[in-house]
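Each chain, written out:
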Amino acid sequence: MLSKRGVSAVLGLVLLIGMVATISVGILLVAGDVMSTVEQQSENERVEQSFVEMSQQMVIASSNNDTTRSMEFDAGERGAVVMTDTGTINISSEGLEDPIEIPIGAVEYVGDDGTRIAYQAGGVFRETGNETRVVSAPPVSYDSDDNTFSFPITEVNDDSKLNSGDIRMSHANTEAYRNATYVEQSTVTIEITSEYCVGWETYFDGQTQNAEGQAIRERCGSDDTLVVELGRTEVEGDFSQAVYAGGGGIELGHHHAEIDGNVTTDGEIHGAGTVTGNETTNTDTSIPSFDSVIESKVEDAERGEGERIALGDNKTTLEGGNIYYDPHGFDLQNDVTVDLEDGNVTLVVDGDMDFTNNDLTVDAAAADENASFQVFTTGNMSMDNQEVCVNACDYAAGDAKDLQIYGTSSMLVHVGTGNSKFEGILYAPRDEGYAETEGIDHCSHEVNGTEPDVCIEGGGGAAQMYGTIMSGPMYVDNNFDVKHDSELTGFDPDVRHGVLPPRLTYLSIGVHELDVENE
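(A) Here's a closer look at the overall build of the chain. On a plain count of helices and strands, the chain comes out with four helices and 39 strands. Taken over 519 residues, the chain has a buried fraction of 50%. Residue pairs at least 24 apart in sequence account for 67% of intrachain contacts in the chain once pairs closer than 6 positions are excluded. Counting every atom, the chain has about 23,400 Å² of accessible surface; 44% of that belongs to carbon and sulfur.

Here is the structure:
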């Protein structure tokens, strides 16, 4: 009969053996899991490299009808699936009569751990959990030498399955959109609907980072659709100029009329007034009109972007960080202050702007250095013995950038007699010859036989415009001084909440269909 001590020893031995066994099994299970994870990660890496090589070989095969490419393809143990219908790419532009709609397929591998590696339209994407990264970029490019945007799309021709081993890629067909290529001065919109939408979004986020997110018009959502608008955000023009006058010339009607700074025009400069800076006449350099940008701003406002206001009737303060929309234009009945302390202010105006009874002042004293008040208007602008300026209207160097007014190529500006003051950027370039505007009697003078876009009557007190003016033909009369703000030299204003037409002339879009199969 065992003693209690003996029983305890036996039980202890049994427990120890049980613990060792349990621990051993646990170690084996953990080791097995670790081995499985390492093996899966290794397979994922091999498959990823195979997909990158496949994308490169497909580019070579698509460029020549007689070229067949072969390679050793690693599709892991489960293989890869070739699918011909996984989404669409829609390319549109104001320069195109009809959008280009292209169905797209994919080659996809899914690992045991849920990792997805996919080839689509020339790009390779990898999704692991909540992370998506671009393994190989799609062949989207822009050639600044000939102003051409290119997007060759390589497609698979048939649904199939690819196993690990040798695969063959051969050219089957190419469709080039040759009748839809001329898109001068137009933005290009790409709408992608795809299972791999997040991958495309990641790619375009990186490519358009200088636009600070403005190029992405619609991000991936439940409908797996991404909308990207390609263009630029910087406003074109040489802001070292006091005046740029396109589509005509400049008339300085009185010897007390002065432009203090550099002047550029595609016409001539006449009259008794004075230009203190460099004069460049008969230039063949044009600045694109802002018409499409203004139209886009109004469309966005009509869809609900911004607060609707009647600025002329009931608004006295525009608060920083906001977008405002006046759908009818205004004639100020109260003095208005634009407060930039809390950030940028944007005003979209579908109509005329009249500053004939009250002032508008931009308060930038406590604002961030890059904050500004931007105005986008479809109509005309008139001033008469009023002030539209920054801070104390003391023409301090660097203040003009805080007030930026953008108009269309047909915008007319009239400054009447009296002590009017404007401080800021006035940007309404005309990139084509002058076109008569019917029904507007805004100036009693002519420039080279045509009514000027900007008419400054002068007279009264010593009226002034301080900053820079980019417009069409311009007339300046007596006792008026247009003075350049030297801090605008080298300044590149950005248009917020959108992109501008790039220096773009041609689209190069082609779809290359390939047969991809195991040998």
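(B) How the structure looks around the state of the cysteines. Applying the stated rule across the entire model yields two disulfides. The disulfide partner of C197 is C220, and the gap between their sulfur atoms is 1.9 Å. Disulfide C197-C220: torsion about the S-S bond near -95°, hence left-handed. Of this pair, C197 sits in helix α2 (residues 197-207) while C220 sits in the loop between β12 (216-218) and β13 (225-230); the two residues are 23 residues apart in sequence, bridging distant segments of the chain.

(C) Main features of the sheet that holds strand β18 (residues 269-271). If you trace the eight strands from one edge of the open sheet to the other, you get β18-β15-β37-β35-β33-β30-β27-β24, paired in parallel fashion. The outermost strands of the open sheet, each flanked by one partner alone, are β18 and β24 (330-331). Sheet topology places strand β30 (residues 381-383) next to strand β33 (residues 413-415); three bridges connect them, and they run parallel. Across the sheet, the residue bridging to M383 is V415, located in β33.

(D) Just the environment of L488, in detail. Within the secondary structure, L488 is located in the loop between β38 (480-484) and β39 (506-518). Taking the relative accessible area as the measure of exposure, L488 reaches 1% and is therefore buried. Sequence separation between L488 and A397 is 91 residues; the distance between their C-alpha atoms is 8.8 Å. Filtering out sequence-adjacent residues up to four positions away, L488 remains in contact with F239, S240, A400, K401, I425, G467 and T468.

(E) Spatial organisation of the packing of aromatic side chains. As enumerated under the stated definition, the model contains 13 aromatic pairs in all. With a centroid separation of 5.1 Å and an interplanar angle of 20°, the aromatic rings of F290 and Y406 are classed as stacked. Here the residue F290 occupies a position in the loop between β20 (279-280) and α3 (291-302), and Y406 occupies one in strand β32 (residues 403-407), the gap between them amounting to 116 residues. Overall, Y406 belongs to the buried group, its relative accessible area being 0%. Ring geometry for F376 against Y406: centres 5.2 Å apart, planes inclined by 15°, an arrangement best described as stacked. Pair noted here: F376 is in strand β29 (residues 373-377) and Y406 is in strand β32, with a separation of 30 residues, a long-range link.

(F) Structural detail: unusual backbone geometry. A positive phi angle is found at N282, which is not glycine, with a value near 55°. Tracing the sequence through the fold places N282 in the loop between β20 and α3. On the accessibility criterion, N282 (46% relative accessible area) is partly exposed. The phi angle at C393 is positive, at roughly 55°, despite the residue not being glycine. In this structure, C393 sits in the loop between β31 (387-390) and β32.

(G) Layout of the pattern of salt bridges. Applying the stated rule across the entire model yields 19 salt bridges. Ionic pairing is found between D74 and R46, a salt bridge with its closest N-O pair at 2.9 Å. With D74 in the loop between β1 (68-73) and β2 (80-93) and R46 in helix α1 (residues 4-62), this pair connects stretches of sequence that are 28 residues apart. Overall, the relative accessible area of 18% leaves D74 in the buried class. The residue R303 makes a salt bridge to D300 at a minimum N-O spacing of 2.4 Å. Given a relative accessible area of 63%, R303 falls into the exposed group. A relative accessible area of 7% places D300 in the buried class.

(H) Local environment of the nonpolar core. Of all hydrophobic cores here, the largest spans 51 residues; its most connected members are F373 and M381. In this structure M381 touches M353, F355, I405, M411, L412, V413, H414, F422 and L426, once residues within four positions along its chain are discounted. Counting residues in hydrophobic clusters, the runner-up holds 34 residues, among them F125, V183, I216 and L504.

(I) Summary view of a negative patch on the surface. A cluster of acidic side chains, namely E101, E191, E218, D223 and D224, defines a negative patch on the protein surface. Structurally, E101 can be placed in strand β3 (residues 100-110).

(J) View of the environment of Q120. Mapping Q120 onto the fold places it in strand β4 (residues 116-120). Look at Q120 and you get buried, because its relative accessible area is 0%. It is 4.7 Å that separates the C-alpha atoms of Q120 and A106, two residues lying 14 residues apart in sequence. Contact partners of Q120, with chain neighbours within four places excluded, come to T86, I104, G105, A106, F125, S194, Y196 and W200. Of note is the side chain of Q120, whose polar atom sits 3.4 Å from the backbone oxygen of G105.

(K) Representation of the confidence of the model for the chain. Confidence in the prediction of the chain, expressed as mean pLDDT, is 84, and 87% of residues score 70 or more. Confidence over residues 10-21 falls short of pLDDT 50; this stretch has zero contacts with residues more than four positions distant or in other chains. Here residues 27-31 scores under 50 on pLDDT; set against residues more than four positions off or in separate chains, the count is zero contacts.

(L) Quick peek at the sheet that holds strand β8 (residues 148-156). Overall, mixed pairing links the five strands, which are arranged β1-β10-β39-β8-β7 in an open sheet. Each having just a single partner strand, β1 and β7 (141-143) make up the two edges of the open sheet. Neighbouring strand axes in the sheet, compared pairwise and without regard to direction, differ in orientation by 30° on average. Pairing between β8 and β39: nine bridges, direction parallel.

(M) Examining the side chain of S382 more closely. In this structure, S382 sits in strand β30. Residue class for S382 comes out buried when judged on its relative accessible area of 15%. If sequence neighbours within four positions are ignored, S382 has contacts with M353, D354, F355, T356 and H414.

About the cut-offs
For every chain, the first residue of its written sequence is number 1, and the numbers climb from 1 along that sequence. Local features in this predicted model are restricted to residues of pLDDT 70 or higher, and side-chain atom pairs are both shown and tallied only at a pLDDT of 80 or more, whereas totals for entire chains, interfaces and linings draw on every residue. Side-chain metrics rest on all non-hydrogen atoms present in the structure, leaving aside hydrogens and water. Labels follow the DSSP assignment, with helices taken as runs of H or I lasting at least four residues and strands as runs of E lasting at least two, numbered in each case from the N terminus. Each residue is assigned to one of three classes by its accessible area relative to the maximum for its type, calculated with a 1.4 Å probe on protein chains only: buried under 20%, partly exposed between the two thresholds, exposed over 50%. Residue contacts follow a heavy-atom distance rule, with two residues in contact if any of their heavy atoms lie within 4.5 Å. All accessible-area figures derive from a Shrake-Rupley calculation using a 1.4 Å probe, and residue coverage is judged against the displayed protein chains alone. Disulfide assignment relies on a single distance test, namely cysteine sulfur atoms paired within 2.5 Å. Here the rule is simple: two strands pair whenever DSSP picks up at least two bridges between them. Under the pairing criterion, centres of Phe, Tyr and Trp rings, with the six-membered ring standing for Trp, must be within 6.5 Å; the plane angle then separates stacked pairs below 30 degrees from edge-to-face pairs above 60, leaving the rest tilted. Every case where a carboxyl oxygen of Asp or Glu lies within 4 Å of a side-chain nitrogen of Lys or Arg is listed as a salt bridge. Remark: nonpolar core denotes a set of buried residues (Ala, Val, Leu, Ile, Met, Phe, Trp, Tyr, Cys) joined through side-chain atoms within 4.5 Å. Two joining distances apply to patches: 9 Å for like charges and 5 Å for nonpolar side chains (Val, Leu, Ile, Met, Phe, Trp, Tyr), and every residue must have over 30% relative accessible area and no salt bridge. Counted as positive: Lys and Arg. Counted as negative: Asp and Glu. His and the chain ends are not counted at all. Here the site of a charge means atom NZ of a Lys, CZ of an Arg, CG of an Asp or CD of a Glu. Residues adjacent in sequence count toward polar contacts only when both atoms are side-chain atoms; beyond that, a polar contact is any pair of N or O atoms within 3.5 Å, and within protein one must be able to donate a hydrogen and the other to accept it. Per residue, pLDDT captures the predictor's confidence, and it can take any value from 0 to 100. In this analysis, axes come from line fits to C-alpha atoms, helices being fitted only over the stretch in contact, and the angle between any two N-to-C directions falls in the range 0 to 180 degrees.

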